[in-house]
Amino acid sequence: MQNPIQRLAYTLGHRTYTRLPLLCAAGARLTEITTINMPMANCTRLSSSSVLATESSNKGMIIINRPKALNAINLEMVRKIYKHLKKCEKSKSLMIIKGTGEKAFCAGGDVRALVDAGPTDESKSFFREEYTTNALIGNYKIPYIAIIDGITMGGGVGLSVHGKYRVATDRTLFAMPETAIGLFPDVGGSYFLPRLQGKLGIYLGLTGHRLRGGDVYYAGIATHYCESSKIPELETALLNCPDADDVPEILEKFHSKPEKPFSLTPVLEQINKHFSAGSVEEILESLRTDDSDWAKKQLEILSKVSPTSLKVTFRQLELGAQLSLAQCLIMEYRLAVRHLEPRADFKEGVRALLIDKDQKPKWQPSTLSEVTEEHLDWFFKKLPDTEELKLD
């Protein structure tokens, strides 16, 4: 069985069945994002495109279409998504984004390709253009509805969580597991994680804890919850609504209370107590005073991930709590560029968990005490003016 970190990466050979229930909705036409509209007869021929869209006279939809790779995104796909978002913001009344198949909305980015490339213009462009797309979604002028049905990690979080509406289902699996591959919770993680209830965000960011189904709604990451069997009906209702002002009412109609209560409720008090400490070291020390099985499990998880990533993430989320989304993304772009360098743990993490799969990363430094303030400051240092992320 794949672990959640492996799901984050570009995973070839993972078979799913495509399911595009709305491509034949009244008045809708299938189009590859980089082409002009095409008649419905072309649906089958274009199904191999990695990013698809349906368009009616006043509605837009983006479909991430790489089910065998769990809808992981790459630079070409990010560019197509951004281009279509810009186009529809001016000409449509609402936008829906979803993934193909029943397994994933979007499992993240092609991190293996990024570390293989190293600090090249193309790898930097991926982060730059991905974060620019995240910023656009966060300030989108028309209703943006993300159907996060299935695995939603990394880049998939960035394509959904900043939008006005996020619909989770019983199949949703949400996580930000970047510390386990020597990275940090990016795509605006420094903005949305600190704004979750209590210390839930810092807990999710440091541990990579997975939220399933209704938990994604209870955590405040999704705005609505809908049974996966009703998603096609919801999408049809949205595409057929006469006015964008009807979107809240439609979403509320299909929203239902999850069958199970929030799984983290029994430990929320412990999360708020231990993860409110003033440093990563203090969090660990606080957890050690707790003899519960839950606390012991968190200590075990945190002992395996990158010490540098833990400290970068802690500072990132601490700073992000006081910053705008744009400011967070500018900070994260600096962090991303630095993580492409050899002195970061990113390449080693991807090697150990995704390439060689020996599950034995050799972190450098190997302990929290060895992660100096100077080393930490280097990650956050401003880039040359010509290289900084520029957002409108």
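Residues numbered from 1 in each chain as written. Predicted model: local features only at pLDDT ≥ 70, side-chain atom pairs only at ≥ 80, totals over all residues. Heavy atoms only, no water.

Asks: Go over the pairing of strand 6 (residues 144-148) with me, naming the residues and quoting the values.
Replies: Burial runs high along strand 6: five of the five residues are buried. Here strand 6 shows a buried face lined by Tyr144, Ala146 and Ile148 and a second buried face lined by Ile145 and Ile147. Relative to strand 6, strand 4 (residues 94-99) runs parallel, the two being bridged by three bridges. Bridged to Ile96 within strand 6 is Ile145. Bridge analysis of strand 6 against strand 8 (residues 165-168) gives four bridges, and the strand direction is parallel. By the bridge assignment for strand 8, Ala146 is matched with Arg166. (Buried < 20%, exposed > 50% of the residue type's maximum accessible area, 1.4 Å probe, protein only. Helix = DSSP H or I, 4+ residues; strand = E, 2+ residues; numbered from the N terminus. Pairing = 2+ DSSP bridges.)

Asks: Account for the nonpolar core, with residues named and values stated.
Replies: One finds Leu85, Tyr131, Leu211, Ile221, Leu264 and Phe275 to be the most contacted residues of the largest nonpolar core, which totals 93 residues. Counting residues per element, this core draws most heavily on helix 15 (residues 325-339), which supplies seven residues. Every residue in contact with Leu264, bar those within four places of it in the chain, is listed here: Leu200, Tyr203, His209, Leu211 and Ile271. Formed by 19 residues, the second largest nonpolar core is a distinct cluster that contains Ile96, Leu239, Cys241 and Phe254. (Core = buried A, V, L, I, M, F, W, Y, C linked by side-chain atoms within 4.5 Å. Contact = heavy atoms within 4.5 Å.)

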